[in-house]
Amino acid sequence: MDDRALYRTGRIGLEHVGWLKAMDGASLPRYPSLEGDLSTDVAVVGGGLLGTSLALHLAERGVGVVLLEARQIGFGASGRNAGHVATHVEGMRLPPGIKRLPEGGARYMELVRSGPAAVDQIVRRFDIACNYTANGHLILTNRGDDLRHLETEQRYWDSQGITMVLLDAAATEAAMGSLRFKAALHQRSGGRINPYAYTNGLASAAASVGARIFTHSAVTSVRQRGERWVVATGSGNVLAHRVIACTNAYVTEAIPAMTRAFYPGIPAIVSFKPVAASLADALVPSGATLSQLGLPAAVQKDVTGRFYFASIPPLGRAARSEPFARTLGTWLRKTFPQLASVPLEVEAYWSGRTANTLDALPRIHGIGPGFLAPIACNGLGITTCTQFGRVLAEAIHRDRYDELPTRVTPPGRYPLRSLYDPAVGLMVSGMRLRGRMRGALD
Ligand SMILES: Cc1cc2nc3c(=O)[nH]c(=O)nc-3n(C[C@H](O)[C@H](O)[C@H](O)COP(=O)(O)OP(=O)(O)OC[C@H]3O[C@@H](n4cnc5c(N)ncnc54)[C@H](O)[C@@H]3O)c2cc1C
């Protein structure tokens with residue numbers, strides 16, 4: 001595949017991902033590839049947030065676990081996402097389908113509410129160097145007539161047990177270091193993280209408590225042998241009682257039941273080179289992650305002074321950084337007039353793959369006896385995958401799948417898959433246009 005095709009499918013190499021550049025050459029543990037045969041209790045396929053969290057929590061419970069990753073830890077969405085540690089996707093309410101989950105969604109909601117705290121706890125417990133800052137999230141508006149909308153949203157989130165504080169213009173100015181905004185909703189929980197560093201930190205935490213991790217070990221097939229499964233790679237096999245495929249949208253033909261069991265989405269991110277330290281401290285002094293009414297995007301400045309802008313690329317332009325770079329540059333200069341004559345240079349541009357369901361809820365699919373595939377944590381993977389890894393490990397350890405936050409179901413059918421991403425692209429372009437007409441970039 002050439003670079004354009006890799007961008008269009010969300011598989012561009014990690015050397016293009018800004019989070020690695022923001023790590024300033026920090027070295028990460030390396031893992032061997034599988035050579036020869038092993039047996040274990042649980043084989044985990046995929047070394048993203050879910051696979052590494054699951055391996056960690058299984059190993060902590062004394063369950064034997066082998067994790068096989070096709071490329072390197074964090075190659076999938078986990079190492080290349082927008083780094084928002086969140087309880088909901090920017091600009092969206094909770095999916096109504098939650099009520100149909102076990103206990104009317106209560107277990108799932110508990111995981112959502114406690115997601116940021118769970119990430120915080122793991123980062124501290126294993127001392128993971130991933131620039132995690134728990135400064136919450138600001139939903140901004142530059143229009144006075146949005147105030148009523150923000151009040152309604154505040155009441156809604158309050159009713160869901162998620163605290164948001166309405167900031168007036170002066171408080172928003174203090175949080176942003178900018179006079180541009182009329183008000184904001186400040187969600188206190190959550191924050192920002194370097195997701196590549198966090199995923200790798202989870203992997204090394206898992207290895208430290210006994211998980212066996214192999215990278216550059218693509219699983220080529222999973223076959224049942226008696227009561228166990230043979231998980232094959234090109235250079236060795238793992239014989240396991242259980243297999244958990246944490247391959248999400250990066251699934252391959254090795255797990256045929258899952259290749260069409262979701263709608264693939266291709267968001268992308270641009271990052272700018274760090275703003276000079278003398279200027280950076282005054283920009284977003286609250287350290288919150290950001291979104292703005294009318295701007296369908298997630299924005300953050302990390303602790304290194306880099307700005308990141310994540311959205312869905314305009315139709316057919318996933319391989320081009322210019323549209324995103326232009327929007328982020330305009331937004332920054334309007335928000336912070338002190339940047340008017342400062343060069344804002346693109347440092348990195350990359351895309352990734354998400355696995356989507358129409359009701360925006362995650363699934364745990366059963367493929368065979370003891371063979372599960374959890375997918376579709378969508379824009380909440382940092383918190384939800386961390387949490388799902390723990391509850392899945394607990395369910396496996398206790399053999400109590402009935403205690404999971406979602407039921408185990410067969411893989412679903414997703415007709416017209418190739419139309420999903422273009423349809424979302426069109427919808428987001430429409431939202432962008434409406435935002436422009438409403439002055440979101442004024
Ligand atoms: C651009 C973008 C922005 C996002 N922004 C956010 C955000 O700000 N906040 C948030 O919470 N979430 C965000 N998300 C969602 C989040 O990243 C995902 O929900 C989460 O990373 C999914 O993790 P995972 O472990 O399930 O899958 P992945 O991280 O995708 O991992 C799957 C892994 O499986 C491996 N694999 C596949 N097939 C095989 C095989 N045959 N053998 C071995 N290994 C295999 C792949 O190489 C890959 O490493 C974003 C996603 C994207 C793409």
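Conventions we followed
Residues numbered from 1 in each chain as written. Predicted model: local features only at pLDDT ≥ 70, side-chain atom pairs only at ≥ 80, totals over all residues. Heavy atoms only, no water. Domains from an automatic or database assignment. Contact = heavy atoms within 4.5 Å. Buried area = accessible area lost by both parts, 1.4 Å probe. Salt bridge = Lys/Arg side-chain N within 4 Å of Asp/Glu carboxyl O. Polar contact = N/O pair within 3.5 Å; in protein donor to acceptor, adjacent residues only side chain to side chain. Helix = DSSP H or I, 4+ residues; strand = E, 2+ residues; numbered from the N terminus. Nonpolar A, V, L, I, M, F, W, Y, C, P; charged D, E, K, R; others polar. Near = heavy atom within 4 Å. Buried < 20%, exposed > 50% of the residue type's maximum accessible area, 1.4 Å probe, protein only. Phe/Tyr/Trp six-rings, centres within 6.5 Å; stacked < 30°, edge-to-face > 60°. Core = buried A, V, L, I, M, F, W, Y, C linked by side-chain atoms within 4.5 Å. Expected span 1.5 Å × (residues − 1). Arc of directions from axis to C-beta.

Another point: the domain arrangement of the protein chain. Each assigned domain of the protein chain is listed with its residue range as follows: domain 1 (3-87 + 195-265 + 356-420) and domain 2 (134-188 + 267-352 + 422-437). Spacing between the C-alpha centres of domain 1 and domain 2 amounts to 30 Å. Contacts between domain 1 and domain 2 engage 23 residues on the former and 27 residues on the latter. Together domain 1 and domain 2 conceal approximately 1900 Å² of surface at their shared face, both sides included; 61% is due to carbon and sulfur atoms. Linking domain 1 with domain 2 are zero salt bridges. Connecting domain 1 to domain 2 are 10 residue pairs in polar contact (both at pLDDT 80 or more). Elements with a contribution of two residues or more to the side of domain 1 that touches domain 2: α1 (3-8), α2 (18-21) and α12 (417-437). Among the elements that take part in the side of domain 1 that touches domain 2, α1 stands out by supplying four residues, more than any other. Classifying every residue of the side of domain 1 that touches domain 2 gives 10 nonpolar, nine polar and four charged.

Moving on, we get to the site of the ligand. As a structural note, the neighbourhood of the ligand is formed by 37 residues, with Glu69, Ser78, His84, Asn378 and Ile382 the closest of them. In this structure, Leu49 approaches the ligand through a main-chain N or O atom, which is 3.1 Å from an oxygen atom. The contact in question runs from an oxygen atom of the ligand to an N or O atom on the backbone of Asn378, over 2.9 Å. Taken together, the residues that form the shell around the ligand break down as 18 nonpolar, 16 polar and three charged.

Turning next to unusual backbone geometry. Glycine aside, residues mostly have negative phi, and peptide bonds are mostly found in the trans state. One non-glycine residue, Asp127, lies in positive phi territory at about 50°. Topologically, Asp127 is positioned in the loop between α5 (115-125) and β4 (137-141). For Asp127, a relative accessible area of 68% gives the class exposed. Unusually for a residue other than glycine, Ala376 sits at a positive phi of about 70°.

A word on the packing of aromatic side chains. The geometry of an aromatic ring pair is captured by two quantities: the separation of the ring centres and the angle between the planes. Enumeration over the complete set of coordinates arrives at 11 aromatic pairs. Between Trp229 and Phe371, the aromatic rings sit 5.0 Å apart at their centres with planes inclined by 70°, giving edge-to-face as the arrangement. Of this pair, Trp229 sits in strand β10 (residues 228-233) while Phe371 sits in strand β20 (residues 371-375); the two residues are 142 residues apart in sequence, bridging distant segments of the chain. By relative accessible area, which is 7% here, Trp229 ends up buried. By relative accessible area, Phe371 is classed as buried at 4%. Here Phe307 and Phe336 contribute two aromatic rings whose centre-to-centre distance is 6.3 Å and whose plane-to-plane angle is 45°, an arrangement assigned as tilted. Residue Phe307 is located in strand β16 (residues 307-311), and its partner Phe336 is located in the loop between α10 (322-335) and β17 (346-351); the two are separated by 29 residues in the primary sequence. Accessibility assignment for this pair places Phe307 and Phe336 in one class, buried. Every member of this aromatic cluster is reached through a ring pair, and the members are Tyr7, Phe309, Phe324 and Tyr349.

One pass over the full model with this rule turns up 17 salt bridges. Of the charged contacts in the structure, one is a salt bridge between Asp145 and Arg143, with a shortest N-O distance of 2.7 Å. For Asp146, the salt bridge goes to Arg438, with nearest N and O atoms at 3.0 Å. Taken together, the residues span a long stretch of sequence, with Asp146 in the loop between β4 and α6 (147-159) and Arg438 in the segment after α12 at a distance of 292 residues.

Right, let's get into the nonpolar core. One finds Tyr198 and Trp331 to be the most contacted residues of the largest nonpolar core, which totals 110 residues. Among the elements that line this core, the one with the most residues is helix α11 (residues 381-398), at eight residues. Both domains that furnish three or more residues to this core are identified here as domain 1 (3-87 + 195-265 + 356-420) and domain 2 (134-188 + 267-352 + 422-437). Those residues within four positions of Tyr198 in sequence are excluded, and the remaining contacts are Leu49, Val119, Ile122, Val123, Ile128, Cys130, Ile193, Ile382 and Thr386. Of all hydrophobic cores here, the second largest spans 26 residues; its members include Val222, Ala240, Ile375 and Ala376.

What follows covers α6. Here α6 contains 13 residues, and its C-alpha end-to-end distance of 19 Å stays within 8% of the 18 Å for a straight helix at 1.5 Å per residue. Looking only at α6, the buried set comprises Leu150, Glu153, Tyr156 and Trp157. Seen along its axis, α6 keeps its buried residues to an arc of 120°; they face one direction. Turned more than 90 degrees from where α6 packs its buried face, Arg148, Arg155, Asp158 and Ser159 sit exposed. Where the residues of α6 are buried, they touch β4, β5 (164-167) and β6 (183-187). At the exit of α6 stands Gly161, carrying a positive phi of roughly 75°.

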